[in-house]
Amino acid sequence: MASANRLIGLTGGIGTGKTTVSNYLAEKHNLPVLDADVYARQAVAQNSSILQTILARYGDRVKLPDNSLNRSALGEIIFNDPIEKQWLESQIHPFVRERFTQELQCAKSDTIVLAIPLLFEAHLTDMVTEIWVVSCDRASQMARLQQRNGLTSQQAQARIDNQLPLSEKAALADVVLNNDADLKYLYAQVDLALTQI
Ligand code: ATP
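The structure reproduced in this document is the subject of the present report. Keep in mind that what you see is a predicted model, and the values were worked out from it rather than measured.

Calculation notes
Residues numbered from 1 in each chain as written. Predicted model: local features only at pLDDT ≥ 70, side-chain atom pairs only at ≥ 80, totals over all residues. Heavy atoms only, no water. Helix = DSSP H or I, 4+ residues; strand = E, 2+ residues; numbered from the N terminus. Buried < 20%, exposed > 50% of the residue type's maximum accessible area, 1.4 Å probe, protein only. Areas by Shrake-Rupley, 256 points an atom, 1.4 Å probe, with all protein chains shown as cover. Lys, Arg positive; Asp, Glu negative; His and termini not counted. Charge placed at Lys NZ, Arg CZ, Asp CG, Glu CD. Near = heavy atom within 4 Å. Polar contact = N/O pair within 3.5 Å; in protein donor to acceptor, adjacent residues only side chain to side chain. Axes fitted to C-alpha atoms, helices over the stretch in contact; angles between N-to-C directions. Parallel < 35°, antiparallel > 145°, perpendicular 65-115°, else oblique. Left-handed = near helix turned anticlockwise from the far one by under 90°. Contact = heavy atoms within 4.5 Å. Nonpolar A, V, L, I, M, F, W, Y, C, P; charged D, E, K, R; others polar. Pairing = 2+ DSSP bridges. Salt bridge = Lys/Arg side-chain N within 4 Å of Asp/Glu carboxyl O.

1. Description of the overall build of the chain
Turning to step 1, where the next piece is worked out: Helix and strand counts for the chain come out as 9 helices and 5 strands.
Turning to step 2, where the next piece is worked out: Helices and strands in the chain line up, N terminus first, as β-α-β-α-α-α-α-β-β-α-α-α-β-α.
Turning to step 3, where the next piece is worked out: Its C-alpha atoms give the chain principal-axis dimensions of roughly 50 × 45 × 25 Å.
Turning to step 4, where the next piece is worked out: Counting all 197 residues of the chain, 47% fall into the buried class.
Turning to step 5, where the next piece is worked out: Counting every atom, the chain has about 10400 Å² of accessible surface; 52% of that belongs to carbon and sulfur.
Turning to step 6, where the next piece is worked out: Where the 18 positive side-chain charges of the chain centre and where its 22 negative ones centre are 3 Å apart.

Below is the structure:
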C-alpha cells in the first residue's frame with residue numbers, strides 16, 4: 001500500500017505553468033513527481049496494444065514511417081472531434097490510472113506529487129488527497145502557449161477551449177497557484193502551500 005500522507009494532485013490549464021511548478025517541487029523540495037503525461041506516452045508506445053487499437057481506428061494518417069504514432073495528426077483529429085476525443089481517452093485513462101496505482105504502491109515519500117493535466121477530465125481526483133491548480137490569466141496563457149509551441153492564436157485558442165475552463169478547475173482546487181507574474185511570485189506560493197493543509 002502507499003505510505004504517503006500527502007498526495008498532491010497538480011493540475012491547471014494548458015500552458016499555465018504546471019511543469020514549472022512540478023520541476024520546482026522536484027528540484028527545490030526534493031519531492032517525487034509522478035507524471036501522467038509520461039504514462040500516457042507509455043500507453044501508446046510502439047507495439048503497445050493501445051497503439052494497435054488506435055491505428056486500427058484511424059489508419060495510416062496517424063502512423064509515422066517507423067510505425068510509431070503521429071501524435072500531432074492524432075491531436076488534430078481529437079481537437080476537432082469530441083466523440084473521437086472521448087474514445088481516445090477511454091483507451092488511455094484506465095492505463096494511466098493503473099500506472100499511478102503501481103507507482104504509488106512502491107513510493108516511499110510522505111508527500112508525493114501527481115502531475116495530472118487532465119485530473120478532472122480523467123476523473124482521477126480520488127487518487128489524490130489535495131488538489132493544486134496552477135492558474136494564469138488568459139492573455140498570459142495564450143502568449144506562453146503560442147511562444148512555446150509555435151501555435152497560431154487560433155490554434156492556441158482551440159486547445160484552451162478544448163479543456164474544462166480554468167475557472168471551473170480553480171473552483172474545485174484546495175490550492176490555487178496564481179501564475180500571472182514572475183517565477184519568484186509563483187514559487188513563493190508553492191512554498192507556502194507546502195506548509196498548509
Ligand atoms: P502544458 O500544459 O502545455 O504542458 P504547463 O502547464 O506545464 O504547459 P509550463 O510548461 O510550465 O506550463 O509553462 C508554459 C510556458 O510558459 C513555458 O515555456 C514556461 O517556461 C513559461 N512560463 C511559465 N511560468 C512563467 C512565468 N511566471 N513567467 C514567464 N514564463 C513562464
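Having seen it, we continue.
2. Some details on the site of the ligand
Turning to step 1, where the next piece is worked out: As a structural note, the neighbourhood of the ligand is formed by 14 residues, with Lys18, Thr19, Thr20, Arg148 and Asn179 the closest of them.
Turning to step 2, where the next piece is worked out: A distance of 2.5 Å is found between an oxygen atom of the ligand and a side-chain nitrogen or oxygen belonging to arginine 148.
Turning to step 3, where the next piece is worked out: At 2.8 Å, a side-chain N or O of asparagine 179 approaches a nitrogen atom of the ligand.
Turning to step 4, where the next piece is worked out: Isolated, the ligand exposes 630 Å² of accessible area, and the fraction of that covered by the protein chains is 72%.

3. Remarks on the packing of helix α6 (residues 138–149) against helix α7 (residues 153–161)
Turning to step 1, where the next piece is worked out: It is at 9 Å that the axes of α6 and α7 come closest, and there the two elements cross at 120°. Here α6 lies oblique to α7, going by the angle between them. Note that α6 runs across α7; the crossing there is right-handed. Contacts between α6 and α7 involve Arg138, Gln141, Met142, Leu145 and Gln146 on the former and, on the latter, Ser153, Ala156, Gln157, Ile160 and Asp161.
Turning to step 2, where the next piece is worked out: Residue composition of the contact of α6 with α7, by class: 4 nonpolar, 4 polar and 2 charged.

4. Focus: the pairing of strand β3 (residues 111–115)
Turning to step 1, where the next piece is worked out: Counting buried positions along β3 yields 5 of 5 residues, so the element is predominantly enclosed.
Turning to step 2, where the next piece is worked out: Burial along β3 is two-sided: Thr111, Val113 and Ala115 and Ile112 and Leu114, pointing in opposite directions, are all buried.
Turning to step 3, where the next piece is worked out: Where strand β1 (residues 6–12) meets β3, 5 bridges bridge the pair, whose relative direction is parallel. Bridged to leucine 10 within β3 is alanine 115.

5. Description of the pattern of salt bridges
Turning to step 1, where the next piece is worked out: For the coordinates displayed, the defined rule picks out 8 salt bridges.
Turning to step 2, where the next piece is worked out: With its nearest N and O atoms 3.9 Å apart, the salt bridge here joins aspartate 60 to lysine 63.
Turning to step 3, where the next piece is worked out: Note on aspartate 60: relative accessible area 60%, which makes it exposed.

6. As for the sheet that holds strand β5 (residues 175–178)
Turning to step 1, where the next piece is worked out: One open sheet holds the 5 strands; their spatial order is β2-β3-β1-β4-β5, and the pairing between them is parallel. A single partner strand is all that each edge strand has here, and the edge strands are β2 (33–35) and β5. If you compare each strand with its neighbour and ignore which way they point, the axes differ by 25° on average.
Turning to step 2, where the next piece is worked out: In this sheet, β5 lies alongside strand β4 (residues 130–135) in parallel orientation, the contact comprising 4 bridges. The partner of tryptophan 132 across the bridge, within β5, is valine 175.
Turning to step 3, where the next piece is worked out: Sheet strands touched by helix α9 (residues 183–195): β1, β4 and β5. Its angle to β5, the strand with the most contacts, is close to 160°.

Purely spatial values, then, with no claim about function.
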